[in-house]
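Structural overview for review
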Amino acid sequence: MSAITGFFHPQKNFLEQEGFYQAVLERMNHTLSHRGPDDSGTFLSGQIGLGHTHLAVHEKTSSQPTYRQIGHDTYVLAMDGELYNRKELLHELEEKHLYTGNQSDGDILLTGFLEYGPGFIEKVNGVFAIAFYQEKDQSLMLFRDRFGVKPLFYAVLDGTLLFGSEIKAILSYPGMEARVDADGLNQIFSIGPARTPGCGVYQNIKEVLPAHFLVRQGTNLKQKRYWNLSSHPHTDSYEDTVACTLALLQDAVRRQFTSDAPICAFLSGGVDSSLVSSICANELRKKNRRLITYSFDFKDSQKYFQSNTFQPSLDRPFVEKMVEFLGSEHHFLECDSKMQADALYDSVKAHDLPAMADVDSSLLVFCSQVSKNHTIAMTGECADEVFGGYPWFHKAECLNADTFPWTMDLSPRKAMLADDFAESLHMEDYVAKTYENAIRHVPISESDTPAQKKLRILSYLNLYWFMQTLLNRMDRAAGYSGMVARVPFADYRLVEYVWNIPWEMKAKDGIVKGLLRDSGRGLLPDEILWRRKSPYPKTYDTGYEKLLCERLHDVLHTTSSPILPFLDIEKVTQFLESPSDYGKPWYGQLMAAPQMIAYMIQVNAWMKEYHVTLV
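First things first, this report covers the structure right here in the doc. Small disclaimer: the values here were computed from a predicted structure and weren't measured.

**Examining the pattern of salt bridges**
Evaluation of the coordinates by the stated rule reveals 32 salt bridges. Here D475 and R476 are joined by a salt bridge, their closest N and O atoms 3.2 Å apart. Take R476: its relative accessible area is 3%, and that puts it in the buried class. Sharing partners across several salt bridges, the network here consists of R35, D80, K150, E166, K168, D352, D475 and R476.

**Remarks on the sheet that holds strand β6 (residues 126-134)**
Across the sheet, which stays open at both edges, the 6 strands sit in the order β4-β5-β6-β7-β12-β13 with antiparallel pairing between neighbours. Every interior strand has two partners, whereas the edge strands, β4 (66-70) and β13 (220-225), have only one. Taking each pair of neighbouring strands and ignoring which way they run, the sheet shows an average axis angle of 15°. Sheet topology note: the β6/strand β7 (residues 139-144) ladder contains 6 bridges and is antiparallel. Looking across to β7, one finds that Y133 is bridged to L140. Across the sheet, helix α3 (residues 105-116) touches β4, β5 (73-83), β6 and β7, and the angle it forms with β5 is around 130°.

**Quick notes on helix α18 (residues 492-499)**
Most of α18 sits out of view: 6 of its 8 residues are buried. Buried within α18 we find Y492, L494, V495, Y497, V498 and W499. Considering only its buried residues, α18 is in contact with α6 (238-256), α12 (383-387), α17 (450-480) and α19 (503-506). Between the side-chain oxygen of the N-cap and the backbone nitrogen of R493 there are 2.9 Å, and the N-cap of α18 in question is D491.

**Focus: the packing of α6 against helix α7 (residues 271-285)**
It is at 10 Å that the axes of α6 and α7 come closest, and there the two elements cross at 65°. Once α6 is placed against α7, the crossing between them reads as right-handed. For the pair formed by α6 and α7, the contact residues are L249, Q250, V253 and R254 on the first element and L275, V276, I279, C280 and E283 on the second.

**Re the layout of surface pockets**
Its boundaries defined by the atoms lining it, the largest pocket holds a volume of some 910 Å³. Lining the largest pocket are 37 residues, and of these T196, P197, G198, C199 and L209 sit closest to its centre. Where the lining of the largest pocket is concerned, the elements lending two or more residues are α5 (182-191), β11 (205-207), β13, α16 (427-439) and α17. For the lining of the largest pocket, the per-class residue count stands at 13 nonpolar, 15 polar and 9 charged.

**Describing the packing of aromatic side chains**
Under the counting rule described, the total for this entry stands at 35 aromatic pairs. Centroid distance F296 to F366: 4.4 Å. Interplanar angle 5°. Geometry classified as stacked. Remark: F366 occurs in helix α11 (residues 357-370) and F296 occurs in strand β15 (residues 292-298); sequence separation between them is 70 residues. Each member of the pair, F296 as well as F366, carries the same accessibility label: buried. Between the aromatic rings of W406 and F466, the centroid separation amounts to 5.3 Å while the plane-to-plane angle is 45°, which identifies the pairing as tilted.

**Thoughts on the pairing of strand β3 (residues 48-54)**
The buried fraction of β3 is high, at 7 of 7 residues. Both faces of β3 are covered, namely the face carrying I48, L50, H52 and H54 and the face carrying G49, G51 and T53. One ladder, built from 6 bridges, connects strand β1 (residues 3-8) with β3; its direction is antiparallel. Its bridge partner lying in β3, I4 is registered against H52. Pairing geometry for strand β2 (residues 39-44) and β3, over 6 bridges, is antiparallel. Each residue of the ladder has a partner; that of T42, found in β3, is G51.

**Digging into empty space enclosed by the protein**
In total, this model carries 10 cavities of 30 Å³ or more according to the counting rule given. Considered as a void within the structure, the largest cavity measures approximately 750 Å³ in volume. For the lining of the largest cavity, the secondary structure elements donating two or more residues are α7, β15, α11, α12 and α17. In terms of residue count, α17 provides more of the lining of the largest cavity than any other element does, 4 residues in total.

**Regarding the nonpolar core**
Membership of the largest hydrophobic core comes to 196 residues, with the highest contact counts inside it found for F7, Y173, F189, Y202 and W606. Per element, the largest residue contribution to this core is 15 residues, and it comes from α17. Formed by 18 residues, the second largest nonpolar core is a distinct cluster that contains A78, L140, L152 and Y154.

**Focus on the sheet that holds β1**
Read from one edge of the open sheet, 6 strands run β2-β3-β1-β9-β8-β11, paired in antiparallel fashion. Looking at which strands have only one partner, the edges of the open sheet turn out to be β2 and β11. Each neighbouring strand pair of the sheet contributes to a mean axis angle of 15°, computed without reference to strand direction. Strands in contact with helix α1 (residues 18-30) are β1, β2, β3 and β9 (160-164); relative to β2, the strand with the most contacts, it is inclined by about 145°.

**Description of unusual backbone geometry**
In this model, G192 is joined to P193 through a cis peptide bond whose omega is 5°. Here P193 shows up in the loop between α5 and β11. Phi is positive for A357, close to 50°, though the residue is something other than glycine. Among the structural elements, A357 can be located in helix α11. Note on A357: relative accessible area 0%, which makes it buried. The phi torsion at H611 lies on the positive side, around 50°, for a residue other than glycine. Structurally, the position occupied by H611 is in the loop between α24 (595-609) and β21 (613-614).

**Some words on the side chain of Q256**
Here Q256 shows up in helix α6. A relative accessible area of 2% means that Q256 is categorised as buried.

**Details of the side chain of D475**
Take D475: it is sitting in helix α17. Residue D475 is classed as buried on the basis of its relative accessible area of 5%. Those residues in contact with D475 that sit more than four places away from it in its chain are M1, R35, V149, K150 and P151.

**Here's the deal with the pairing of β1**
When you tally the buried positions in β1, you get 6 out of 6 residues, the bulk of the element. Burial along β1 is two-sided: A3, T5 and F7 and I4, G6 and F8, pointing in opposite directions, are all buried. Summarising the sheet, β1 and β9 pair through 4 bridges and their orientation is antiparallel. Bridge pairing in β9 links F7 to L162.

Cut-off values and rules
- Residues numbered from 1 in each chain as written.
- Predicted model: local features only at pLDDT ≥ 70, side-chain atom pairs only at ≥ 80, totals over all residues.
- Heavy atoms only, no water.
- Salt bridge = Lys/Arg side-chain N within 4 Å of Asp/Glu carboxyl O.
- Buried < 20%, exposed > 50% of the residue type's maximum accessible area, 1.4 Å probe, protein only.
- Pairing = 2+ DSSP bridges.
- Helix = DSSP H or I, 4+ residues; strand = E, 2+ residues; numbered from the N terminus.
- Axes fitted to C-alpha atoms, helices over the stretch in contact; angles between N-to-C directions.
- Contact = heavy atoms within 4.5 Å.
- Polar contact = N/O pair within 3.5 Å; in protein donor to acceptor, adjacent residues only side chain to side chain.
- Left-handed = near helix turned anticlockwise from the far one by under 90°.
- 1 Å grid on protein atoms, 1.4 Å probe; cavity = no way out; pocket = protein on both sides within 12 Å on 5 of 7 lines; lining within 4 Å.
- Points joined across faces, edges and corners; volume = space filled by probe spheres on them.
- Nonpolar A, V, L, I, M, F, W, Y, C, P; charged D, E, K, R; others polar.
- Phe/Tyr/Trp six-rings, centres within 6.5 Å; stacked < 30°, edge-to-face > 60°.
- Core = buried A, V, L, I, M, F, W, Y, C linked by side-chain atoms within 4.5 Å.

Structure representation (structure tokens):
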């Protein structure tokens with residue numbers, strides 16, 4: 001995990017106030033020090049200030065920003081991320097007898113851009129947020145990886161382009177205020193914790209879209225796509241499809257399971273994380289080494305757990321089965337109710353926004369524990385979006401809903417809101433309009449039947465909407481503790497291939513993620529391979545909900561609480577006194593209570609911490 005930040009204006013000369021702008025740049029950089037605690041660097045010239053914080057995961061690294069002087073021209077680059085095909089890229093450049101510095105990822109990218117221009121990014125397999133400055137033509141390019149694993153925000157203030165791996169860096173620039181308009185409020189209350197792709201929630205703050213790069217030259221600001229999914233008929237047999245899926249997954253894991261820093265795997269006992277862990281363990285056995293794994297749970301979970309539609313079983317028995325199968329050195333981590341509730345506030349700081357309530361805060365707690373011994377963790381994140389593992393892929397009412405399947409009912413979102421405020425947002429209209437805009441970008445094949453078209457739309461929404469929320473959650477939780485969480489299921493080659501596999505193969509014989517399970521035969525015990533999906537664990541301790549109720553009551557009785565204008569005190573009080581509904585989701589598999597209470601606490605904490613003003 002690293003970070004980039006900076007500012008750019010082709011008509012300014014920042015060196016005229018060098019001391020001032022150097023201090024600004026260092027302040028912006030410092031806000032991101034948690035993402036890169038091992039090193040930091042800055043570059044300031046007349047037109048640009050560029051900062052970088054660095055987390056050391058490979059020996060072959062160089063201080064960034066990295067720059068090269070060619071004649072009278074200067075080229076500067078900084079990146080957050082990793083190249084997973086760096087050997088191939090390096091070989092290609094060296095065959096052309098091109099100088100690549102000390103062969104670090106940054107030097108490889110800089111050399112590639114100098115030789116091929118921005119098109120070089122199409123050769124890269126990796127996750128990244130990149131800033132590339134060319135003094136000769138006074139241009140800045142900001143690149144983001146294909147699925148947005150690495151974040152990259154930007155804003156324009158008085159003609160100056162500001163950018164950063166996290167929003168907090170942009171907000172630290174002089175004159176930049178945390179302002180939110182009606183669209184931003186709709187993102188929080190109607191769409192959240194998701195975000196419309198490219199939206200930064202704050203007024204005038206945006207995010208570089210996945211698979212795009214932003215070009216600023218002169219007064220022109222353009223965003224260009226460099227990659228997209230392509231829809232076409234799938235011609236492989238089922239047997240060949242299984243073999244190809246496994247080969248792509250294994251290659252993705254092997255490429256990412258490399259590091260000079262301590263590396264481990266997150267293991268939930270589900271098929272996704274277990275497959276990744278199994279491939280990693282096999283690689284280490286070749287070197288006579290053991291895999292180190294971690295699982296997460298809540299204190300006294302066996303005492304309080306309630307089986308339901310969304311979480312049918314506890315994870316621990318399946319984790320124990322996998323640990324025995326892998327022979328891994330395993331660590332069971334726990335989080336209690338107070339730790340989880342306290343971390344709601346840190347989760348806001350990690351995101352600069354309200355997040356996925358306790359699902360986010362607990363992961364932040366767990367990452368803080370893992371980071372004490374490990375810098376990198378392999379995860380099974382993104383498999384459900386790629387292979388169709390969520391319930392809405394298998395329910396006709398979700399496929400035919402003509403809205404986001406994880407937010408089909410907005411009534412839980414209004415349960416505590418003042419009626420006049422909810423009405424002013426026109427929440428249903430906003431969601432409907434947002435949905436219609438989203439599905440316009442789905443690449444449909446001419447050969448798709450109406451049923452296949454609906455599945456394309458649902459798969460696209462999962463990849464570019466729901467998966468983004470979970471990638472943000474994983475990135476911020478890991479980054480807040482100075483570690484990296486890798487996501488091999490988001491390898492673009494795997495996603496490209498699976499995208500065109502017909503549903504009859506993906507869910508063969510009606511089995512959820514049947515293709516992935518068949519691909520994993522021999523890598524996992526059957527008990528794990530065919531286990532019913534169970535999501536990231538939640539606490540069922542009623543003491544947690546009681547603690548949240550007390551904290552929201554405190555918010556209600558503090559007259560300076562910024563969330564108060566949005567709430568109906570009587571409705572909130574009734575909500576807090578009513579029996580909890582642990583089965584009805586308000587976002588994905590987030591239950592209506594207590595996670596809705598936690599979300600409101602986060603909204604209030606966010607507005608207070610960031611001094612949010614409404615416009």
